[in-house]
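# Structural features, examined
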Amino acid sequence: MNPLKRARIISKNLLFLLMTPIKLREKLGLKPLEVNTKKEPTEKEQDVISLSIEETNKLREQLGLKPLDVGPKSGDVHVPAKNIGKIMETEKLVEKMKMIQEKRRIKAAT
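So, here is what we can say about the structure in this document.

The rules behind each value
Residues numbered from 1 in each chain as written. Predicted model: local features only at pLDDT ≥ 70, side-chain atom pairs only at ≥ 80, totals over all residues. Heavy atoms only, no water. Helix = DSSP H or I, 4+ residues; strand = E, 2+ residues; numbered from the N terminus. Areas by Shrake-Rupley, 256 points an atom, 1.4 Å probe, with all protein chains shown as cover. Salt bridge = Lys/Arg side-chain N within 4 Å of Asp/Glu carboxyl O. Buried < 20%, exposed > 50% of the residue type's maximum accessible area, 1.4 Å probe, protein only. Expected span 1.5 Å × (residues − 1). Polar contact = N/O pair within 3.5 Å; in protein donor to acceptor, adjacent residues only side chain to side chain.

### Structural notes on the overall build of the chain
When helices and strands are counted, the chain shows five helices and zero strands. Walking the chain from its N terminus toward its C terminus, one meets helices and strands in the order α-α-α-α-α. Counting every atom, the chain has about 11800 Å² of accessible surface; 60% of that belongs to carbon and sulfur.

As structure tokens, then:
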């Protein structure tokens, strides 16, 4: 096969693959696909009720339930995590110091 003819076939195939689906459907004589961009709410979305904490507490009070704890008004309070490795190291050092003190006390008594 002639290299020039082969290049034309390849470019024609690539062009066909690169065509957008809309142009391809038009070329084939098909109707364009309808895309529904408007989102209709589902049954679950329609039944959702949103209440503030105060409104929820009023409702809970009417139902005889304990109100939700609101907590501090200034925002979230961050408590840093405990470093378990340091705690264990400290405990080991305290235990070692007690052993040394006990050895000294026994040595001084003899």
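### Quick word on the pattern of salt bridges
Per the counting criterion, the structure on display carries one salt bridge. As a salt-bridge pair, Arg105 and Glu102 come within 2.5 Å of each other at their nearest N and O atoms. Placement of the pair is Arg105 and Glu102 together in helix α5 (residues 84-109), with a separation of three residues, close to one helical turn. In this structure Arg105 comes out as exposed when scored by relative accessible area, which is 52%.

### Side note on the side chain of Asn57
The residue Asn57 is located in helix α4 (residues 53-62) in this model. The exposure class of Asn57 is buried, given its relative accessible area of 13%.

### Looking at α5
Relative to the 38 Å expected for 26 residues at 1.5 Å per residue, α5 spans 38 Å between its end C-alpha atoms, a close match to the ideal helical length. Judged by how many residues are buried, α5 sits mostly at the surface: zero of 26 residues are covered. The opening residue of α5, the one whose side-chain oxygen lies 3.2 Å from the backbone nitrogen of Gly85, is Asn83.

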